[in-house]
Amino acid sequence: MGLVQSLGYLVVIPQWTVFTGAPLAQGERGSMASLDSTLRKGPAPTSWRQPELPEVIAMLNYRLDPVKSNAAAFLQHLTFKNDKVKSEVRRLKGIPALVSMLDNPKKEVHYAACGALKNISYGRDPDNKIAIKNCDGIPGLVRLLRKTRDQDLTDTITGTLWNLSSHDSVKMEIVDHALHALSDEVMVPHSGWERGNEGGEESCKPRHLEWETALTNTTGCLRNVSSERSEARRKLRECSGLVDSLMYIVQSQINCKDVDNKLIENSVCLLRNLSYQVHREIPGSERYQETIPVNQGPAPSQKGGKKEDDGTSDSIDIPKRSTPAKGYELLFQPEVVRVYTSLLKESKNPSVLEAAAGAVQNLCAGRWTYGRYIRAVVRQEHGLPMMTELLSHGNDRVVRAMSGALRNLAIDARNRELLGKHAVPNLVANLPGGGQSQPARALSEETVVSVLSTMTEVVGSSADAAKTLRSSQGIERLVLINKDSNRSDREVRGAGQVLQIVWGFKELRRTLEKDGWKKTDFMVNLNPPNNTRSNGGYEDSTLPLIDRGGKQDRDRDMIPLNDMGPGKKNNKKKTYTLFS
């Protein structure tokens, strides 16, 4: 037992209490200084008792620093995974007192206060987070972060900010008050990016591993706030050194083949969020807009002259830059494709796979120059077969991310041709109604709708792709969706759209009729929404990672632990059949 004597009370903090997981502050023993001799009136008590919570709160405002630090350390202990005590601390006005202690010059005082705030801010109760925000807790944490050089305290501060960042009403407060401090004090100096630029550092000894906890906390916090609104994303993109540091961390982890941990997950999820709507939100985005559709639909016939990048060839001419890309420009340079394809190839973490594909999908959305470049580079880097193989992944969100990325990649005519040849059976396998030989997968409505949308894109201009769809038993599954009263309107509409496209190929009709299908099986009454898009359109269909609804998203209100527990890592090498 660690004993802390304060105001005549014996505060008992069991040393065997286990404090685990990134979100919670470790139990502190506090100061061993005894105030008993100076504060106790009258004869010594014959027994000690644990103070009541109101008495502990009162100690936070006491004039002597050892009493304050002991009280804060005890609150840290009491609030560990105890939502009832957290609410009581808030009701008794303990949070403003703890926040005021962040500015105390004594390390033991501000350290204990920060640890208590970290525990109080953890969990799904928004009132605790809002209470910390409302008494200027975030500026207080930022001032402390700017002053300290202590690694453990930096871990605690950034962990508290990560906890706070999960609530929507706190996100912009963090962006406005903490963003630059997190970048200046954690990301830039501890990622190794600046030192890496100087050269001479061993590539597989990244400096950021020394500060992995603080970096994981920081990227987790920024991952959350980047999902808030376009203004937040703009400020993050334009924050000096932030994107550079992120890219350096991810590339270092890839070089070391360490691509499943929480740091890289948060980093790639943040990159995905920062890539969302990038073609509309970056400064001067109008320079990159292409008003004439490029490399979509059948390639136009050309008489003489050099054939430009019409999307039908495997290569594309990308102009060389006169100056190196930096900052937010790194998000959409063609070279970033190799980062994401490396993660798709090497990572076993479903969240990393989902985020890497989501980033590609975001970058390929929109009618802009870099989207066109990236569609071609993904093909050159063999990203199409990687994503096609991952359509069979066991995680629903990974399947949806791969399908969404392939849909936007299929805007490119050559990609669409290749996917029509090779990806259709993998898409069909994700549709319900497979029968005994190919049992249907239990995928969510959102994922089924995404697969149907990708199928529409891939089959839309290719009779060969439609033939592959037929030979893969795709017609049976599409008709079953249309006749299943339990399917949603969106699923029925998506399946009906593909069926109409297939029937539109006149050369296939006789074969389909021989198979026993009738015209009525393909002529489905569609009630299309206003925003239907035909083949070759553009869609910004990837939302930022922190979205609403579903158990997995609710769990993100807390800082999630690593999905990859001991003994669960799959070391089997991924192999892909290349498209040709």
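Just so we're clear, the structure is a prediction, and the values are computed from it rather than from any experiment.

Rules used in this analysis
- Residues numbered from 1 in each chain as written.
- Predicted model: local features only at pLDDT ≥ 70, side-chain atom pairs only at ≥ 80, totals over all residues.
- Heavy atoms only, no water.
- Helix = DSSP H or I, 4+ residues; strand = E, 2+ residues; numbered from the N terminus.
- Buried < 20%, exposed > 50% of the residue type's maximum accessible area, 1.4 Å probe, protein only.
- Areas by Shrake-Rupley, 256 points an atom, 1.4 Å probe, with all protein chains shown as cover.
- Core = buried A, V, L, I, M, F, W, Y, C linked by side-chain atoms within 4.5 Å.
- Contact = heavy atoms within 4.5 Å.
- Axes fitted to C-alpha atoms, helices over the stretch in contact; angles between N-to-C directions.
- Parallel < 35°, antiparallel > 145°, perpendicular 65-115°, else oblique.
- Left-handed = near helix turned anticlockwise from the far one by under 90°.
- Nonpolar A, V, L, I, M, F, W, Y, C, P; charged D, E, K, R; others polar.

1. Details of the overall build of the chain
Alright, step 1. When its secondary structure is counted, the chain shows 30 helices and two strands.
Alright, step 2. Counting the 580 residues in the chain, one finds 55% classified as buried.
Alright, step 3. Accessible surface computed for the chain: about 25,700 Å², of which carbon and sulfur atoms make up 49%.

2. A closer look at the nonpolar core
Alright, step 1. Counting residues in each nonpolar core, the largest one holds 149 residues, and the members touching the most others are Leu-98, Tyr-340, Leu-343, Met-455 and Val-502.
Alright, step 2. For this core, the leading source of residues is helix α10 (residues 168-191), giving 10 residues.
Alright, step 3. Excluding anything up to four places from it in sequence, Tyr-340 contacts Val-268, Leu-271, Ser-275, Ala-356, Ala-359, Val-360 and Leu-363.

3. Details of the packing of helix α15 (residues 262-275) against helix α18 (residues 350-363)
Angle between the axes and distance between the axes: these two values describe a pair of packed helices.
Alright, step 1. Between α15 and α18, the least distance of the axes is 8 Å, while the angle of their chain directions is 20 degrees. Comparing the axis directions of α15 and α18 gives the class roughly parallel. Viewed along their axes, α15 and α18 form a crossing whose handedness is left-handed. Two secondary-structure elements touch here, α15 through Ile-264, Glu-265, Val-268, Cys-269, Arg-272 and Ser-275 and α18 through Ser-351, Val-352, Glu-354, Ala-355, Ala-356, Gly-358, Ala-359, Asn-362 and Leu-363.
Alright, step 2. Its residues assigned to classes, the contact of α15 with α18 comprises eight nonpolar, four polar and three charged.

4. Here we look at unusual backbone geometry
Alright, step 1. At Lys-93, a position not held by glycine, the phi torsion is positive, near 65 degrees.
Alright, step 2. Tracing the sequence through the fold places Lys-93 in the loop between α4 (83-91) and α5 (94-101).
Alright, step 3. We note that Gln-473 has phi near 60 degrees; this positive angle belongs to a residue other than glycine.

The analysis is restricted to geometry; functional conclusions fall outside its scope.
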